[in-house]
Amino acid sequence: MVKSISENPQGQFSVEDYTVFAIMLGVSTAIGVYFGIFQRKKNQTTEEYLLGGRKMKTFPIAISLIASQLSGVSIMSVPAEMYSYGAQYWIIAPTMLIITLIINYIFVPVFYSNQITNCYQYLEDRFSPAVKQFVTFTYVLNIYLVLPIFIFIPALAFSQVSSINIHLINGIVCGVCIFYTMLGGIKAVVWTDVVQGMIMFLSCFLVVIIGVLKIGGLSTVFDRADAGDRMEIFDMTLDTTTRQTFWTSSIGNIFLWTGYLGLSQSCVQRIVAVPSMQHARSALWIFCIGFIIITSLNCFTGIVMFAKYFDCDPIKVGLVQKADKLLPFFVQDVVGNLKGMPGVFISCVFSAGLSTMSANLNSLAGLIYEDYIRPFKLFKHTDASANMTMKLLILVSGVYCIAMGLIVEQFGHLLQMVVTIASVTQGAVMGIFCLGMLWPWANKHGALWGSASSVIVVSWIISGAQLAISSKQLAYPPKPTSVENCYEYGYNVTADDFPPHSSPQDSGEFSIYNISFVWYSTVGTLIVFLVGIPVSYLTGSQDMRNFKPKLIAPLAQWMLPAEVRQSDFSLKEENCKSNTATVNTWTFTTANESQKYKERVIEQSL
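Parameters at a glance
Residues numbered from 1 in each chain as written. Predicted model: local features only at pLDDT ≥ 70, side-chain atom pairs only at ≥ 80, totals over all residues. Heavy atoms only, no water. Helix = DSSP H or I, 4+ residues; strand = E, 2+ residues; numbered from the N terminus. Buried < 20%, exposed > 50% of the residue type's maximum accessible area, 1.4 Å probe, protein only. Contact = heavy atoms within 4.5 Å. Areas by Shrake-Rupley, 256 points an atom, 1.4 Å probe, with all protein chains shown as cover. Expected span 1.5 Å × (residues − 1). Patch = residues over 30% accessible without salt bridge, like charges linked within 9 Å, V, L, I, M, F, W, Y side chains within 5 Å. Salt bridge = Lys/Arg side-chain N within 4 Å of Asp/Glu carboxyl O. Core = buried A, V, L, I, M, F, W, Y, C linked by side-chain atoms within 4.5 Å. Phe/Tyr/Trp six-rings, centres within 6.5 Å; stacked < 30°, edge-to-face > 60°.

Quick word on the overall build of the protein
Check the secondary structure of the protein and you find 20 helices and 2 strands. Counting only residues that meet the buried cut, the protein has 57% of its 606 residues in that class. Considering only contacts within the protein whose residues lie at least 6 apart along the sequence, 85% involve residues at least 24 apart. For the protein, the accessible surface area stands at approximately 25,300 Å², while carbon and sulfur atoms represent 63% of it.

Re helix α3 (residues 58-69)
Given a rise of 1.5 Å per residue, 12 residues ought to cover 16 Å, and the 17 Å separating the end C-alpha atoms of α3 matches this to within 8%. Judged by how many residues are buried, α3 sits mostly within the fold: 11 of 12 residues are covered. Considered for burial, the residues of α3 that qualify are Thr-58, Pro-60, Ile-61, Ala-62, Ile-63, Ser-64, Leu-65, Ile-66, Ala-67, Ser-68 and Gln-69.

Comments concerning a nonpolar patch on the surface
A grouping of Phe-201, Phe-205, Ile-209, Leu-213, Ile-289 and Ile-293 is seen on the molecular surface, where their side chains present a nonpolar patch of about 580 Å² in accessible area. For the nonpolar patch, the secondary structure elements donating two or more residues are α8 (166-215) and α12 (277-308). For the nonpolar patch, the element with the highest residue contribution is α8, accounting for 4 residues. Considering the arrangement of structural elements, one finds Ile-289 in helix α12. On the basis of relative accessibility, which here comes to 54%, the residue Ile-289 falls in the exposed class.

Quick notes on the pattern of salt bridges
Counted according to the given criterion, the structure contains 4 salt bridges. Residues Glu-124 and Lys-132 are paired through a salt bridge, measuring 3.7 Å at the closest nitrogen-oxygen approach. Salt bridges sharing common partners tie together Glu-124, Lys-132 and Asp-371.

Quick word on the side chain of Ser-64
By the element assignment, Ser-64 lies in helix α3. You can call Ser-64 buried: its relative accessible area is 0%. Dropping the residues within four chain positions of it, Ser-64 is found in contact with Val-190, Asp-193 and Arg-270.

Some words on the nonpolar core
Counting residues in hydrophobic clusters, the biggest one holds 148 residues, and the most contacted among them are Phe-111 and Phe-433. Tallying contributions element by element places α8 first for this core, with 20 residues. Within the second largest apolar cluster, 13 residues are counted, among which are Val-458, Ile-461, Ala-468 and Trp-519.

What about helix α13 (residues 326-335)?
Across the 10 residues that make up α13, a large majority, 10, are buried. Every buried residue belonging to α13 is among Leu-326, Leu-327, Pro-328, Phe-329, Phe-330, Val-331, Gln-332, Asp-333, Val-334 and Val-335, and all of these are buried.

Looking at the packing of aromatic side chains
Throughout the structure, instances matching the rule amount to 14 aromatic pairs. When the ring of Tyr-144 is compared with that of Tyr-400, the centres are 5.2 Å apart and the planes differ by 90°; the resulting orientation is edge-to-face. Placement of the pair is Tyr-144 in helix α7 (residues 129-161) and Tyr-400 in helix α15 (residues 383-408), with a sequence separation of 256 residues. A relative accessible area of 26% means that Tyr-400 is categorised as partly exposed. Geometrically, the ring pair formed by Tyr-309 and Phe-329 is tilted, given 5.8 Å between the ring centres and 55° between the ring planes. One end of the pair, Tyr-309, is in the loop between α12 and α13; the other, Phe-329, is in helix α13, with 20 residues separating them in the sequence. Comparing Tyr-309 with Phe-329 shows no difference in burial state: the two are buried. Members of the aromatic cluster, joined through ring pairs, are Phe-111, Tyr-120, Tyr-122, Tyr-139 and Phe-433.

Structural data, given as structure tokens:
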């Protein structure tokens, strides 16, 4: 009889594990009930439901951002990426410092100075309603494509350690998420994210520590990973067709993550829910630190997994179907003998999925209501009717996510799939906001043609790449794994049973379809500028006669014509004469404060 490669029986969830998992779902539900019933004001406004009255605390918002950005894709697929392709992806962690700087000093000042709550409203103010409608549609489409993946990944993990039907557990957990998101609004979303974020960190940390100890210490882990070519981080190859290089993981992810974190409504909604711009910047820096820690833990988990199975790959011997299911197998292996620990891990993965799903459902409902329902005036739009409509939208969207699990189940490598789908529109969104905030002469024609061209060209590239993948002309073969010592576990296999992966033959000619999927967002952003700037000039550029300088990022306002900057300064100077003058959403209560602001404006104008 063949014995298992692992130390613990697979596919067995104990009573303690189910208890831990049930407690996690129970706490999330209780938070929704608390904010939806006991803390709900009698006449709850729409702003209270979506933004928490703009009085949310900095730290919970930061933790909420961490929890929602580190979805089940990160928890499950990032370790799988490390196991299969090596540590190059880790570069995304320190790159978040640059991304946070860009968001804090380009996007956040513009959102706060223009009192933006729906980030796509900026596009209407800067360009035209048509531009806003186009980008809003691409965002809604993108969310409906990727959201089912985010919540289905935890169900994959659960199916690996239990015998419960994958679609049944997907429906149950989605139902809990729909319930507390509908009932409690943004406050329930944020505070469940805080609890779920703590579960994520605790679980990842414990799994890594126990795994390292069972393998034999850090030196053993790094020696095995290095021998298996998993520790190369600074691959400086300039070939854009390589799956992950230093340039791909840094530059490519800057464009991808800056747009995803700084310009998606689910994130912007929480960034502007704090009282001031300084609070928002602080929340983003806390997020940055937390993201680096959690991402580093996830990446290191993949390295530890490789060290554990360096001489007998569970995928090759058939114990795991694909790399995305390897992490729950590993957890059951190293901590399965500790009652409740597998349950903690599965709670971690579901926490990541729930936080992402709840944040997107909440923001999606608000966006669809404001842009697609309210303008038609189908009924009297009071706060009560608005809130009820958004709750129904959350319910419908949640049911859609459950149903789409039947399709997501057929997908291959999930990290690549999510990045590919997101990149269809992410580059266009990143490009159009940067065009508006950093190039004063861009007009509505340039913005619309630039963003439309970006979506069309990137869709064309992705379609060609998917056809090449399906025809085996394009592939990203993983790094080699070993079955050298599988016989010790009773598996009669050798390396000859598994022929090495080989890349498709290189014809010597460059093909745009072969570029790494991480570059899609970068290409999309550049196309917006390459098309948008010439079209703007050919159609007369932006009319500066009634232009609002605050629509341009502070770092780029030096490019504005002198008369525009001077007229803006004159307005501010006139407002500063009053002890209670309000300038750009900042209120000054003393003459001393207004004088300080006047001096600061003079200094900046020089």
